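Topology and contacts: notes
Below are the chains, spelled out letter by letter.
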Amino acid sequence: MDIRSQVSMVFHLDKCIGCHTCSIACKNIWTDRKGAEYMWWNNVETKPGTGYPTKWEDQEIYKGGWEKNGDSVSLKGAGKLKGLKNIFHNPNMPSLEDYYEPWAYRYTDLFEAPEGDDQPIGRAVSLITGEPIEIQAGPNWDDDLSGTPDYARQDVNFKHLSKAEQESMFQLERMTFHYLPRICNHCLNPACVGSCPSGALYKRGEDGVVLINQERCRAWRMCVTACPYKKSYYNWNTGKSEKCVLCYPRLESGQAPACMHSCVGRIRYLGVMLYDADRIEAVASCDEAELIDRQMEIYLDPFDPAVIKAAKENGISDSTIVAAQNSPVYKFVKKWRIALPLHPEFRTIPNLFYVLPLLPAMASVSEDGVYDSLSENLLSGVEKLRVPIRYLSSLFAAGNDNKIIEVFKRLHAVRVSRRDTTVKDVTETQLNKVMSEANMDIHEANEIFRLTSLATFEERFVVPAAHREEAIEMLENTGDVKGNTGFGFKMKPERGL
Amino acid sequence: MLNYLLFIALPYAALAVFIIGSIFRYRFMGFKVSSLSSQFLEGKNLFWGSQPFHWGMFFLFFGHLTAFLIPRAVIAWNGDPLRLIILEVTGFAFGLSALLGILLLIFRRLTNKRLQMVTNYMDVVVYIVLLVQITSGLWVAFFNRWGSSWFASTLTPYLRSIFSFDPQVDAVSMMPLSVQIHIVSAFSIIAIIPFTRFVHFLVYPVDYLWRRYQQVIWNWDRKDIRASRKHVYGERTKNN
Ligand code: SF4
Ligand code: SF4
């Protein structure tokens, strides 16, 4: 057993209102620079939709992630020989067109235009060439199912749905969508790290954040291909790749990452998970049907004395163990089992979990045209659900419908029990049936309700102390560097010749 | 006099600049060591330029290196005329592929507005020296044939004399102009490595072949802190 700690996340999809505040918070802090304008380390997609970059989920195009290879895994589109062979031209790398050409408007034209009969306009200019462009697309042009034939109907997950199921998703009465905010998953088996020929990418041992050493990156661009979530980006100006850093400077000072801090819907939770690093390979290479169950096994119970002992032996500090015990992620993922990873079949073992959106499933229209949002039978006939279960299982369960139904049962039970408490129109038999099917008691339902709806800042973000202050003293004699600006990288990020 | 300048002073100056400059850039300007790939901005033409250019250069470089390191083996191989012709034709083909590649790359850069935004004056220098180097090489190969044999008997001794700090320029000063241009431009390339994107071939990631796929880096070793074994006064712990 090799216990390590991992900062993990939960996003509650029923609560996301698709406001993009998270994306803007991230952009303002990290990617508002030349060469990074097109990057959205945090982006919010509408599902069904093609996402950003376009069709990122389609690994036939981008060849991201790992493939099962006997008892181990190998990279699909990168790796030792494949990577070095393709180093002069990487055939599976997305290019600017797959994202979008960033632009700004010439606002000064509006002010400086001479008086005349026509209204002046501020033309869009490319942030790359500075020339006027015709805007073709943006990173969220599939918002709220807009441009449906171009976007929603092209959704990559539809390949698992029958034609009839696909059609049903576009009928007015059955149409549904939900938002899918995405950041880097800080995976346990990161494909980006495995693919980097220069060894610039690494996972931090202390908290599992995956970073790119900007001084070692040589622009071989393999991580861009290898990350199946397309969360490593190439900065065309500096000639270095960049990715979500989980706001590690904020984490180290005990604050939540900016996207989470600013989240309007309060959908985001962050906490520590203890896991057994010895099992990573076995979990990543197990059969597709087992992927979720095996991933759940890798996370350990932070209250188990044996786990605590082994963690301490491995140098995990007491404050981190306490953080793991209070972790909201542990509760959602392991204790309550209502959060699933996105596309586990990419085999990177992602550490960002999604509480499934129940709303698109409920509110199916009954024969007589009435919306049925409360029924103990909601989940009795899967075909009655408003959203095809297959669609969600393709997103969150590698095609395993049962996993989705299990989660739905539990989420539904929480709702019915809350309705019983507040509206009081649920009969005892109805309640008991729903609760027993979900294998849940009223106490657990209340706990889930509390953390979902009423949680305070401190309950949503349990950031372990980083002990960075000790680290600095270990690395440097602080007296020697008194008066310096910092301990890290002090050069301007200028492009080389 | 000019011969001394071009074939003794230039090589030593070039090597000194190359060694000191590269170490400096790697050590203190790590952020600026990059291949500066432009595939993200334009990927289709890049394929037809970059692949033939790089593979051509790759094999030519190792061909030259072999002739420099083991000239006798090369001469022995060339003992049979058929094998000599195979070697020469292969070398020439790689030269042509590099030439076509670089021409396409130059064309691509000139015609694409996006690429002009990421082109600097040193890139122009790079293109010029590479063109001179490749064309002079092809010129030599075509008009002063069987270079793989005479290289070993005339140029290898010259290059070795440079590296053994006992420079002999007689042989090179008798060489035709095309060969001399090829030599001078080769040393110019070496000299400008630290100031151009050429640095990227010094960091070609061969170590990827034997490294583990996953990398985990601890900022400090928690176990050492917990056990306090290394807290010796006046001695710095080495945790990184
Ligand atoms: S999501 Fe992508 S970039 Fe992030 S750790 Fe996983 S493989 Fe790497
Ligand atoms: S800020 Fe929160 S609610 Fe708004 S889009 Fe982002 S994740 Fe959703």
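Here's a quick rundown of the structure.

What counts, and where the lines are drawn
- Residues numbered from 1 in each chain as written.
- Chains lettered and ligands numbered in written order.
- Predicted model: local features only at pLDDT ≥ 70, side-chain atom pairs only at ≥ 80, totals over all residues.
- Heavy atoms only, no water.
- Helix = DSSP H or I, 4+ residues; strand = E, 2+ residues; numbered from the N terminus.
- Rg over C-alpha atoms; globule rule 2.2 N^0.38 Å.
- Buried < 20%, exposed > 50% of the residue type's maximum accessible area, 1.4 Å probe, protein only.
- Areas by Shrake-Rupley, 256 points an atom, 1.4 Å probe, with all protein chains shown as cover.
- Lys, Arg positive; Asp, Glu negative; His and termini not counted.
- Charge placed at Lys NZ, Arg CZ, Asp CG, Glu CD.
- Pairing = 2+ DSSP bridges.
- Axes fitted to C-alpha atoms, helices over the stretch in contact; angles between N-to-C directions.
- Contact = heavy atoms within 4.5 Å.
- Buried area = accessible area lost by both parts, 1.4 Å probe.
- Salt bridge = Lys/Arg side-chain N within 4 Å of Asp/Glu carboxyl O.
- Polar contact = N/O pair within 3.5 Å; in protein donor to acceptor, adjacent residues only side chain to side chain.
- Core = buried A, V, L, I, M, F, W, Y, C linked by side-chain atoms within 4.5 Å.
- Near = heavy atom within 4 Å.
- Nonpolar A, V, L, I, M, F, W, Y, C, P; charged D, E, K, R; others polar.
- Patch = residues over 30% accessible without salt bridge, like charges linked within 9 Å, V, L, I, M, F, W, Y side chains within 5 Å.
- Parallel < 35°, antiparallel > 145°, perpendicular 65-115°, else oblique.
- Left-handed = near helix turned anticlockwise from the far one by under 90°.

Here we come to the overall build of chain B. Of the regular secondary structure elements, chain B holds 10 helices and one strand. Against the 2.2 N^0.38 benchmark of 18 Å for 240 residues, chain B shows a C-alpha radius of gyration of 23 Å, more extended than a compact globule. A principal-axis box enclosing the C-alpha atoms of chain B has dimensions of 70 × 50 × 40 Å. Going through the 240 residues of chain B one by one, you find that 44% of them count as buried. Surface accessibility of chain B: about 13600 Å² in total, with carbon and sulfur atoms responsible for 72%. Here chain B holds 22 positive side-chain charges and 10 negative ones, and the gap between their average locations is 11 Å.

The next subject is the pairing of strand 11 (residues 240-243) of chain A. Side-chain alternation along strand 11 of chain A places Lys240 and Glu242 of chain A on one buried face and Ser241 and Lys243 of chain A on a second face that is also buried. Joining the antiparallel neighbours strand 10 (residues 232-235) of chain A and strand 11 of chain A is a turn of four residues, in which Gly239 of chain A adopts a positive phi near 70 degrees.

Looking now at the sheet that holds strand 1 (residues 3-12) of chain A. All names here are of chain A. On the basis of which strands lie adjacent, the open sheet formed by four strands has the order 12-1-14-13 and mixed pairing. Two strands in the sheet have a free side with no partner beyond their single neighbour: strand 12 (268-276) and strand 13 (339-341). Each strand axis lies, on average, 35 degrees off the axis of its neighbour in the sheet, ignoring direction. Sheet topology note: the strand 1/strand 12 ladder contains nine bridges and is antiparallel. Paired with Ser5 across the two strands is Leu274, which belongs to strand 12.

Here we have three strands laid out as an open sheet, ordered 9(A)-8(A)-1(B), and mixed in their pairing. If you trace the sheet from one side to the other, it starts and ends with strand 9 (210-212) of chain A together with strand 1 (216-217) of chain B, each paired once. One ladder, built from two bridges, connects strand 8 (residues 201-204) of chain A with strand 1 of chain B; its direction is parallel. If you follow Arg204 of chain A over to strand 1 of chain B, its bridge partner there is Ile217 of chain B.

Below, the discussion takes up the interface of chain B and chain A. The interface is formed by 58 residues belonging to chain B together with 76 residues belonging to chain A. Carbon and sulfur atoms make up 57% of the area that chain B and chain A hide from each other, which totals about 6300 Å². Summed over the shared surface of chain B and chain A, the result is four salt bridges. Across the pair Glu101 of chain A and Arg114 of chain B runs a salt bridge, and its minimum N-O distance is 2.9 Å. The interface formed by chain B and chain A holds 31 residue pairs in polar contact (both at pLDDT 80 or more) in total. When residues of the side of chain B that touches chain A are traced back to their parent elements, those giving at least two are helix 1 (2-28), helix 2 (44-69), helix 5 (113-117), helix 6 (121-143), strand 1 and helix 10 (222-227) of chain B.

Turning our attention to the nonpolar core. Core analysis: the largest hydrophobic core is formed by 155 residues, its most contacted members being Tyr38, Met260, Phe396 and Phe408 of chain A. Here this core takes eight residues from helix 16 (residues 401-422) of chain A, the largest share from any one element. Discounting chain neighbours no more than four positions away, the residues touching Tyr38 of chain A are Lys27, Tyr52, Leu96, Tyr99, Tyr100, Pro102, Tyr233, Tyr234 and Trp236 of chain A together with Phe40 of chain B. Within the second largest apolar cluster, 20 residues are counted, among which are Ala67, Phe68, Phe151 and Leu155 of chain B.

Moving on, we come to the site of ligand 1. Neighbouring ligand 1 are Cys184, Asn185, His186, Cys187, Pro190, Ala191, Cys192, Val210, Cys227, Tyr229 and Lys243 of chain A. Within the shell around ligand 1, the residues separate by chemical class into eight nonpolar, two polar and one charged.

Attention now moves to the pattern of salt bridges. Residues and elements named next belong to chain A. Inspection of the entire model under this criterion finds 32 salt bridges over all chains. For Asp401, the salt bridge goes to Arg390, with nearest N and O atoms at 3.4 Å. Linking Asp401 in helix 16 with Arg390 in helix 15 (residues 389-396), this pair joins segments that are 11 residues apart in sequence. When salt bridges that share partners are traced, they join Lys47, Glu57 and Asp155 into one network.

Residues and elements named next belong to chain B. Together, Phe58, Phe59, Phe61, Phe62, Leu65, Leu69 and Ile70 make up an exposed nonpolar region whose accessible area comes to about 650 Å². You can see Leu65 is positioned in helix 2. With relative accessibility at 31%, the residue Leu65 sits in the partly exposed group.

Bringing the pairing of strand 12 of chain A into the picture now. The two faces of the sheet receive side chains in turn, since in a regular strand these alternate between them. With nine of nine residues buried, strand 12 of chain A lies mostly within the body of the structure. What you see with strand 12 of chain A is no split at all: Arg268, Leu270, Val272, Leu274 and Asp276 of chain A on one side and Tyr269, Gly271, Met273 and Tyr275 of chain A on the other are buried throughout.

Time to look at the packing of helix 1 of chain B against helix 9 (residues 177-192) of chain B. All names here are of chain B. Running from N to C, helix 1 and helix 9 point in directions that differ by 20 degrees, and their axes come no closer than 7 Å. Viewed along their axes, helix 1 and helix 9 adopt a mutual orientation that is roughly parallel. Helix 9 is crossed by helix 1, and the crossing has left-handed handedness. Across the interface between the two elements, Leu6, Phe7, Leu10, Pro11, Ala14, Leu15, Val17 and Phe18 of helix 1 pack against Gln180, Ile183, Val184, Phe187, Ile190 and Ala191 of helix 9. The residue inventory of the contact of helix 1 with helix 9, partitioned by class, reads 13 nonpolar, one polar and no charged.

Inspection of the region around ligand 2 gives 14 residues, with Cys16, Cys19, His20, Cys22 and Cys263 of chain A positioned closest. Taken together, the residues of the shell around ligand 2 break down into nine nonpolar, four polar and one charged.

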